[in-house]
Amino acid sequence: MRRPARRVSVLDDRQRIDDLDSEDQFGMVAGLPDQLLEAYAGAADVIEEAGGEVGGIAVAGMGGSAIGGDLVSNVYDVSLPSAMVTVRNYHLPHWLDSRSLVFAVSYSGNTEETLACLDEALERGCRTVCICSGGRLAAVAEERGLPLVKVPAGLQPRAALGYLSVPIAACLEHLGLVESVEADLQEAAALLRKLVLRLGPDVPAAENTAKQTALALAGSVPVIYGCELTAVAARRWKCQINENAKMLAFANEFPELDHNELVGWENPPAALEMARVVYLEDAGVHPQNQRRMDITADTLEAAGVQVTRLATEGESRLARLMSSIIIGDYVSLYLSVLGGIDPSPVERIEELKRRLA
Ligand code: F6R
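Here the residue index of a chain counts from 1 through its sequence in written order. Totals for whole chains, interfaces and linings use every residue, but because this is a predicted model, local features are given only for residues with pLDDT of at least 70 and side-chain atom pairs only at 80 or more, for both listing and counting. Only heavy atoms go into the side-chain values, all of them from the structure, while hydrogens and water stay out.

### Examining the site of the ligand
Any residue with a heavy atom lying within 4 Å of a molecule or strand is counted as near it. Taken together, 14 residues sit near the ligand, with Ser65, Ser106, Ser108, Thr111 and Lys353 positioned nearest. Polar contacts, as counted here, are pairs of nitrogen or oxygen atoms within 3.5 Å of one another; within protein the pair requires one atom able to donate a hydrogen and one able to accept it, and residues that are adjacent in sequence qualify only if both atoms are side-chain atoms. Between an oxygen atom of the ligand and a main-chain N or O atom of Gly64, the distance comes to 3.0 Å. Measuring from an oxygen atom of the ligand, one finds a backbone N or O atom of Tyr107 at 3.4 Å. Out of a free accessible area of 390 Å², the ligand has 93% covered by protein chains. Here, Shrake-Rupley sampling with a 1.4 Å probe gives the accessible areas, and only protein chains in the shown set may cover a residue.

Rendered as structure tokens:
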């Protein structure tokens, strides 16, 4: 597809990108491979081994602090001996009890939903681990002597994905609940380093899949579809586009969307004109899911909807998922550049929190 030359040249204008990007979000994405490895070093020791079965694992968090819970549970659910859920609300599910392990994750340490869940976890006698950069969560952990992983302060929570997710996986590995985390992280970091060299701002749009995808999505309402492993990446893409580019975007996953949303691709016609779809594909999906994705793409294209298909790379589930996430992080940043928007501030979230307080 031909792109307007002006848009392409905006994405290849490094000075313009640097001028817009006040808190160096591009640098944060480039630093993600190192962040993963740094976050692993030392994180596991925060939790002591304890005999007995773990009766359920929960990650309580919101927004950029919650996605790490989805990431870890989706990557390792194939081997976890216990149910693992991400809780994005004020209450923990009833079935979590004193045999359960609850991670309270809040970058700022001040997110009220997460603090409420921590209170419930403590009341029920759950084992807890707190992950934050400071705030009330760090204060409670210090007062009560709870295991605490302190992550570097001064970042946007969504830019701290490695710091907020890797300690969860490291603790689960330390407790013998999952295996191969260290090896997976090594593979993921090596792959992400290569992807940074292919997708970063110094690679021209003509050779850069992330810039091309942003150009395909500019001015649209992106609808991101994942399946199995990449369902988490679809959610991450949506949130990154919302927060970095300040754009509406939606996410859903196969096979569920074939049982409802598929029918919605008829009306209203104006919505179909605005929407563009991205598929996050992975070779590991059930063969019937692959067939579903192909048939659904035919239906969408017949309805005049553009579908961009992007495949994961790498071997381990973690590396594959991270490959899908990093391209979305870059796409969201290129969309912010195309919109002439600084990716960092999320004023509406801050204003809402101020009004609630
Ligand atoms: C992401 C972001 C939000 C926060 C969320 C929870 O960059 O700004 O999604 O992550 O509002 O806040 P924290 O992470 O401080 O618990």
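### A closer look at the pattern of salt bridges
Basic side-chain nitrogens of Lys or Arg form a salt bridge, by our definition, when they fall within 4 Å of a carboxyl oxygen of Asp or Glu. One pass over the structure, following the stated rule, counts 17 salt bridges. Several salt bridges converge on common partners, so that one network encompasses Arg14, Asp18 and Asp202.

### Notes on the domain arrangement of the protein chain
If you check the domain split of the protein chain, you get domain 1 (5–22 + 197–338) and domain 2 (28–179). The interface is formed by 18 residues belonging to domain 1 together with 15 residues belonging to domain 2. Taken together, the two surfaces of domain 1 and domain 2 that pack against each other cover about 1,600 Å², and 66% of this comes from carbon and sulfur. Notably, a salt bridge pairs Asp77 with Arg317, separated by 3.7 Å at the nearest N-O pair. Secondary structure counts use DSSP, requiring at least four H or I residues in a row for a helix and at least two E residues in a row for a strand, with both numbered from the N terminus. Of all the secondary structure elements, the ones that give two or more residues to the side of domain 1 that touches domain 2 are α11 (231–245) and α15 (317–338). Domain boundaries shown here were taken from an automatic or database domain assignment. Note on contacts: a residue pair is in contact if any heavy atoms of the two residues lie within 4.5 Å. When two components associate, each loses some accessible surface as probed by a 1.4 Å sphere; the sum of these losses over both components is called the buried area.

### Some thoughts on the packing of aromatic side chains
Ring pairs are drawn from Phe, Tyr and Trp, using the six-membered ring of Trp, whenever the two centres fall within 6.5 Å, and their geometry is named by plane angle: stacked under 30 degrees, edge-to-face over 60, tilted for the rest. One pass over the structure, following the stated rule, counts 6 aromatic pairs. Relative to Tyr279, the ring of Tyr225 lies with its centre 6.4 Å away and its plane at 40°, an arrangement referred to as tilted. Taken together, the positions of Tyr225 in strand β6 (residues 221–227) and Tyr279 in strand β8 (residues 275–281) put the pair 54 residues apart, joining distant regions of the chain. Summarising the burial analysis for this pair, Tyr225 and Tyr279 share the class buried. Judged by centre distance (5.3 Å) and plane angle (75°), the ring pair of Phe254 and Tyr279 falls under edge-to-face. In this pair, Phe254 sits in strand β7 (residues 250–254) while Tyr279 sits in strand β8, placing the two residues 25 residues apart along the sequence. An aromatic cluster is defined as three or more aromatic residues linked by ring pairs; in this entry it consists of Phe26, Tyr330 and Tyr334. When a residue's accessible area, from a 1.4 Å probe over protein chains only, is under 20% of the maximum for its type it is buried; when over 50% it is exposed; and in between it is partly exposed.

### Here we look at the sheet that holds β8
Pairing is parallel across the open sheet formed by 4 strands, whose spatial order is β7-β6-β8-β9. Edge strands, defined here as strands with exactly one partner in the open sheet, are β7 and β9 (307–311). Averaged over all pairs of adjacent strands, the angle between strand axes in this sheet comes to 25°, irrespective of strand direction. Only when DSSP finds a minimum of two bridges between them are two strands counted as paired. Here β8 pairs with β9 via 5 bridges, running parallel. Along β9, the bridge assignment pairs Leu280 with Leu310. Orientation is described by axes fitted as lines to C-alpha atoms, over the contacting stretch for helices, and by angles from 0 to 180 degrees between their N-to-C directions. Contacting β6, β7, β8 and β9, helix α14 (residues 287–302) crosses the sheet at an angle of about 165° to β8.

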